[in-house]
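Single-letter residue listing:
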Amino acid sequence: MNKLTTILLAEDEPALGQIIKESLETRQFKVLLCNNGETAFEVYKKSNPELLVLDVMMPKKDGFTLAKEIRTTDESIPIIFLTAKSQTQDVVEGFSIGGNDYLKKPFSMEELIVRINNLLNRTKLQKTAEILQIGNYTFNFTKQTLQLKNQKSTQLTHREAHLLFHLIKNKNQVLDRSLILNKLWGNDDFFSARSMDVFITKLRKKLNQDSTIQIINVRGFGYKLIC
């Protein structure tokens, strides 16, 4: 019998939490349900889940704070935020601290399940990906690290690593903006596009020690990695 994928769900609305839990269990996931951030952090440390679904607004410890704490020791576990917030800055903050995806309430269970499966598939890809060379940098997709020759390695976030992986795989070609947004963010709306711009800026800074590397914006189409 195949081992069930364990998901840690932190949601303080009892009815919604139970609906999500039961829906995921019918899809053969094992779900650990917590109603606040503090409890979720303790369960995370003991249970070794494979994916986190975190409500942003929770008592005792909110979802963003919980994600920050988890990211100090685990850069790779996929995190999906559930949020009633729609401000651009809130969405960007969620991605900046290491979130991989977000869903605005109310949402359909089918959409949540699709996003969970997409993230789990990306994680499997990451575990089998090779070490890639980009100019004077070595990119280890599995470990999510970027190392300049003869220097210490820099840790990347989950989303930075996946975005860089696709840029490298399509180097010297235009990486279609809408395609990569839908692949990594799950949609190509304004909030996701703004978030991707932030991550491109971060990658440019981390690659700026090699002047032969450029990530250029091809207006109306996407981004191109030149190296």
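Given the structure is predicted, the values throughout are model-derived calculations rather than measurements. (Residues numbered from 1 in each chain as written. Predicted model: local features only at pLDDT ≥ 70, side-chain atom pairs only at ≥ 80, totals over all residues. Heavy atoms only, no water.)

A. The sheet that holds strand β9 (residues 153–155), seen in detail. Reading across the sheet, the four strands line up as β6-β7-β8-β9 and stay open at both edges, with antiparallel pairing between neighbours. Of all the strands in the sheet, the pair left with one neighbour each is β6 (131–134) and β9. Looking at each pair of strands side by side, their axes are set apart by 25 degrees on average, direction ignored. With four bridges joining them, β6 and strand β7 (residues 137–140) adopt antiparallel strand pairing. Note on β7: the bridge partner recorded for Leu 132 is Phe 139. Relative to the sheet, helix α6 (residues 158–169) contacts β6, β7 and β8 (145–148), its axis offset from that of β6 by approximately 65 degrees. (Pairing = 2+ DSSP bridges. Helix = DSSP H or I, 4+ residues; strand = E, 2+ residues; numbered from the N terminus. Axes fitted to C-alpha atoms, helices over the stretch in contact; angles between N-to-C directions. Contact = heavy atoms within 4.5 Å.)

B. Quick look at the packing of helix α2 (residues 37–47) against helix α3 (residues 63–71). Between α2 and α3, the least distance of the axes is 10 Å, while the angle of their chain directions is 25 degrees. What the angle tells us is that α2 and α3 run roughly parallel. When the axes of α2 and α3 are compared, the crossing they make is right-handed. Taken together, the residues of α3 that come into contact with α2 (itself represented by Gly 37, Ala 40, Phe 41 and Tyr 44) are Leu 66, Glu 69 and Ile 70. Its residues placed into classes, the contact of α2 with α3 shows five nonpolar, one polar and one charged. (Parallel < 35°, antiparallel > 145°, perpendicular 65-115°, else oblique. Left-handed = near helix turned anticlockwise from the far one by under 90°. Nonpolar A, V, L, I, M, F, W, Y, C, P; charged D, E, K, R; others polar.)

Functional significance is not addressed by these values, which are geometric in nature.
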